[in-house]
Amino acid sequence: MMLVDRLLTVIWTTLRSVFIVACLITTTGTSVAARDLSEAPVLTLDPGTHTAAIRQIAVDSAEQILVTASDDKTARVWDIASGRLLHTLHLPVGPEHIGRLYAAAISPQGRLALAGTTASQNGTHRIYLYDLTNMAFLKSVNARGGDIKSLQWSPDGMLLAAAYAGASAFRVFDDEGELVHEERLPADAWSITLSRNGLLALPVSDGTVRVYGIAGEVHLLATLRGALPDPRGVQFSPDGDLLAVGYLSRKSTREVQVDVFDVATQELAKSFVFDDISQGNLRNVAWQRDGRALYAAGSGYRGINDFIVKRISWPQGEVSETRAATNSITDLLPLSDNRVLFSTVEPAWGVLRGPEAKTMVAPKNAQFYEADLLTVSDDAKTVAWRFAPGEQRYSFSVDTRDIRREERNAKRQAKTVSKRIPVSTWENSYDVTIAGRPVPMAPTEISRAIAVLPDESAVLLATSRTLRRIEPDGRERWRIPLATEARAVNVSADGRVLVVAMADGTLRWRRAQDGAMLMSLFVTRDGRWVLWNEDGYFDAAKGADELIGLTINRAGGEQADYYPMSRYREKYYRPALLGRVLALRQRESLGDQASIVAARFSSTTAWPNVSVESPEKASRTIPH
């Protein structure tokens, strides 16, 4: 173990001495990576629960173990009965979205498959296979494209089906990872369902649901036409006779629709239309295991943070509902005892039994849902927030390093209106105009918050994918890609320091001039906190140095190793150094007090790129 520690110490020292600029920020706002960071050590949050949305869930054949795949680039293994965390899997990671896990599936033989955004540009996308019984890594499979949004094993465990978005495709692999079927699709596919009688259904965002036979060779049997252009969630009834379909879009501004098709006749058997869900959809569907009820949920909500699950009795069609979450419900999975597991963006997971919902694991970090929840002191050294809407406000002071149940002097609200720089409707919007110029955003990018500098010399725009500074003429001064959503942004009274609240529960101090990261804070509900800078120097409450660690990708990109920061407390615990950061408006290290202009990444901080073959004895699976 001492050899491992010495190796990592040498690595970290080398990183600071050889690395000058991680990412240059051009005058046009485009970030240019200085080098590929896919093999760089990465600071990673690990509070014992997920810190970003859970995308897909899977259970073992005994229905005792649940696996959750998350945007936070980890998979976690849980005991369903107690909600106890059994293992955390740290897979290879990279900058921005690289390493997010969107898909998880468990075969009857206990093989766990995980996938998502697993490659950098021109890299190899992978499906990772583990033995669930001992959490041993088995192999990685060339996924032949990305991003994989859903994985499902066939009932006999001999085939693994994958749905792809981006490079739209449908592929099927055998249990050893060999490709047995490949089909390019005209639009993205986001989910898969298989029946016990050898059928597979694939919803495609061209308005169709494709039904395949998988006995022998994979072959198309039928193409169903959905009522809306973007079928998203599908599931066969337990007997395989019916197919339920949920949609991404709404039927109208007032209505949400869920359909049930007769598989044999390929006709619509029944349609359910709801006019009591004000926003969102019911894109995920699941049949109760006895076939007597259909569940539907998604981004649909009524009121603030009131997300609904509809339960439809079958065939009667009687509807009841359950308030199950405070954010979108991402997956539904039925169990043999007629319970239904669900996962959320919060991130949380729980159990539905009839009309009742029970959250088994809730997030430990703050839920930054509202753009106005973040307030700061004039010097931005004290920040205040709520862990969830409607709850008591808390504050943290960089000077005193403590958490209190009060705002203290952090009463400064973000300025969102400017006479000099007009801004169109920005909150939760896909189309934003600043100073008369439309802001170019990615197709799935949505604006979350703005803050006008005190002298109205610029507007800061926080979105689901980027943080930008926009000048009075509407041009970007800088743009920084983010690994997780920015939910709120605020600025010090002198306009020199900004604070950003991220969806992973972190607060990030950045320099307003160029967006360079200064330091970061992560606080949990139990009062633990950790404060760190980009060089790994940190301060933490007692026991809180377990909240972050270092992930190092192994050579070849198939595996990664994780080391908690508590192992390096003696060398990198430097409270005084962090105390000087905001006064200097620059990141400070022990050997070099000069600022390093860098566009870092939000929920995983990328370290400089050094080729490292991690020690074989390091654990890939961290028991809790």
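What counts as what
- Residues numbered from 1 in each chain as written.
- Predicted model: local features only at pLDDT ≥ 70, side-chain atom pairs only at ≥ 80, totals over all residues.
- Heavy atoms only, no water.
- Buried < 20%, exposed > 50% of the residue type's maximum accessible area, 1.4 Å probe, protein only.
- Helix = DSSP H or I, 4+ residues; strand = E, 2+ residues; numbered from the N terminus.
- Pairing = 2+ DSSP bridges.
- Axes fitted to C-alpha atoms, helices over the stretch in contact; angles between N-to-C directions.
- pLDDT = per-residue confidence, 0-100.
- Contact = heavy atoms within 4.5 Å.
- Core = buried A, V, L, I, M, F, W, Y, C linked by side-chain atoms within 4.5 Å.

1. Considerations on the pairing of strand β44 (residues 506-511)
Part 1 of the argument: Where burial is concerned, most of β44 is hidden: six out of the six residues are buried.
Part 2 of the argument: With burial as the criterion, each face of β44 is covered, one bearing T506, R508 and R510 and the other bearing L507, W509 and R511.
Part 3 of the argument: Inspection of the sheet shows strand β43 (residues 497-502) paired to β44 by five bridges, in the antiparallel sense. From the neighbouring strand, V497 faces β44, where its bridge partner is R511.
Part 4 of the argument: If you look at the hairpin formed by β43 and β44, you'll find three residues sitting between the two strands, and G505 has a positive phi there, around 90°.
Part 5 of the argument: Relative to strand β45 (residues 517-523), β44 runs antiparallel, the two sharing five bridges. Among the inter-strand pairings, L507 is bridged to a residue of β45, identified as L521.
Part 6 of the argument: A loop of five residues connects β44 with β45, the two strands running antiparallel in sequence, and G515 in this loop sits at a positive phi of about 80°.

2. Some thoughts on the sheet that holds β44
Part 1 of the argument: Read across the open sheet, the six strands follow the order β42-β43-β44-β45-β46-β47; overall the sheet is antiparallel. Because the sheet does not close on itself, it has two edges, and the strands there are β42 (486-491) and β47 (538-540). Taken over all neighbouring pairs, the strand axes of this sheet differ in orientation by 15° on average, direction set aside.
Part 2 of the argument: With five bridges connecting them, β42 and β43 associate as antiparallel partners. When the bridges of β43 are listed, N490 appears paired with V499.

3. Looking at the confidence of the model for the protein
Part 1 of the argument: Here the protein averages 86 in pLDDT, and 86% of its residues register 70 or above.
Part 2 of the argument: Between residues 1-37, whose pLDDT stays under 50, and residues either more than four places distant or in other chains, the model counts 73 contacts.
Part 3 of the argument: Across residues 590-624, confidence stays below pLDDT 50; counting only partners more than four residues off in sequence or on other chains, it has 140 contacts.

4. Section: the nonpolar core
Part 1 of the argument: V383, W385, L507, W509 and L521 are the most contacted members of the largest nonpolar core, which totals 46 residues.
Part 2 of the argument: Top contributing element to this core by residue count: β45, with five residues.
Part 3 of the argument: Setting aside anything within four residues of it in sequence, one finds L521 in contact with V383, F396, G505, T506, L507, W509, W529, V530, L531 and W532.

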